[in-house]
Amino acid sequence: LYKFASSRKVGGDQPKEMIMKKTDRRAIVHEIEMHEDAMIEGMQKNFALELKEGRRREEQIINEMRMQEEQGRRREEEMMGEMKMLHIELLVVTLACIGISLAALMHLKK
């Protein structure tokens, strides 16, 4: 429409003037509004997709953190179990040493 309106001549050698009818202007404005609406809609869809992707990534990160926390907790429980076992072994060895020492002392006193 713009090309059509600008191609009209007022007079012979006079420069081209843009002459547009009211309906032509309305058509151009309507066309611009349609493109604007489509662009806004596209931006909203893009924003919604990015927001959805961001939420999905956030959930993924939270799940990874929970898994790491659970693994850490399991490792800590395993280490505590090992510590208890070592403590019991130390107690047994200490009692054995005390028993042997008492037996040696009694044998030497005879």
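Residues numbered from 1 in each chain as written. Predicted model: local features only at pLDDT ≥ 70, side-chain atom pairs only at ≥ 80, totals over all residues. Heavy atoms only, no water.

### Notes on the overall build of the chain
In step 1: A tally of helices and strands in the chain yields two helices and zero strands.
In step 2: Counting every position in the chain, which comprises 110 residues, the buried fraction comes to 3%.
In step 3: Of the roughly 10,600 Å² of accessible surface on the chain, 62% is carried by carbon and sulfur atoms. (Helix = DSSP H or I, 4+ residues; strand = E, 2+ residues; numbered from the N terminus. Buried < 20%, exposed > 50% of the residue type's maximum accessible area, 1.4 Å probe, protein only. Areas by Shrake-Rupley, 256 points an atom, 1.4 Å probe, with all protein chains shown as cover.)

### A short note on a negative patch on the surface
In step 1: A cluster of acidic side chains, namely Glu76, Glu77, Glu78 and Glu82, defines a negative patch on the protein surface.
In step 2: Inspection of the secondary structure puts Glu76 in helix α2 (residues 22–109).
In step 3: Overall, Glu76 belongs to the exposed group, its relative accessible area being 51%. (Patch = residues over 30% accessible without salt bridge, like charges linked within 9 Å, V, L, I, M, F, W, Y side chains within 5 Å. Salt bridge = Lys/Arg side-chain N within 4 Å of Asp/Glu carboxyl O. Lys, Arg positive; Asp, Glu negative; His and termini not counted. Charge placed at Lys NZ, Arg CZ, Asp CG, Glu CD.)

### Here's the deal with the pattern of salt bridges
Two side chains bearing opposite charge may form a pair once their charged atoms approach each other closely.
In step 1: The final tally for this structure, using the stated rule, is five salt bridges.
In step 2: Put simply, Arg74 and Glu70 hold a salt bridge, and the shortest N to O gap is 3.9 Å. Of this pair, Arg74 and Glu70 both sit in helix α2, four residues apart, roughly one helical turn.
In step 3: Each of Glu69, Glu70, Arg73 and Arg74 takes part in a single network of salt bridges with overlapping partners.

### Overview of a nonpolar patch on the surface
In step 1: On the surface, a cluster of nonpolar side chains totalling about 480 Å² of accessible area is made up of Leu91, Leu95, Ile98, Leu102 and Leu105.
In step 2: With respect to the secondary-structure elements, Leu102 resides in helix α2.

### Side note on the confidence of the model for the chain
In step 1: Considering every residue of the chain, the mean pLDDT works out to 84; 81% of them sit at 70 or more.
In step 2: Of the regions scoring below 50 in pLDDT, residues 9–17 engages in six contacts with residues more than four places distant in sequence or in other chains. (pLDDT = per-residue confidence, 0-100. Contact = heavy atoms within 4.5 Å.)

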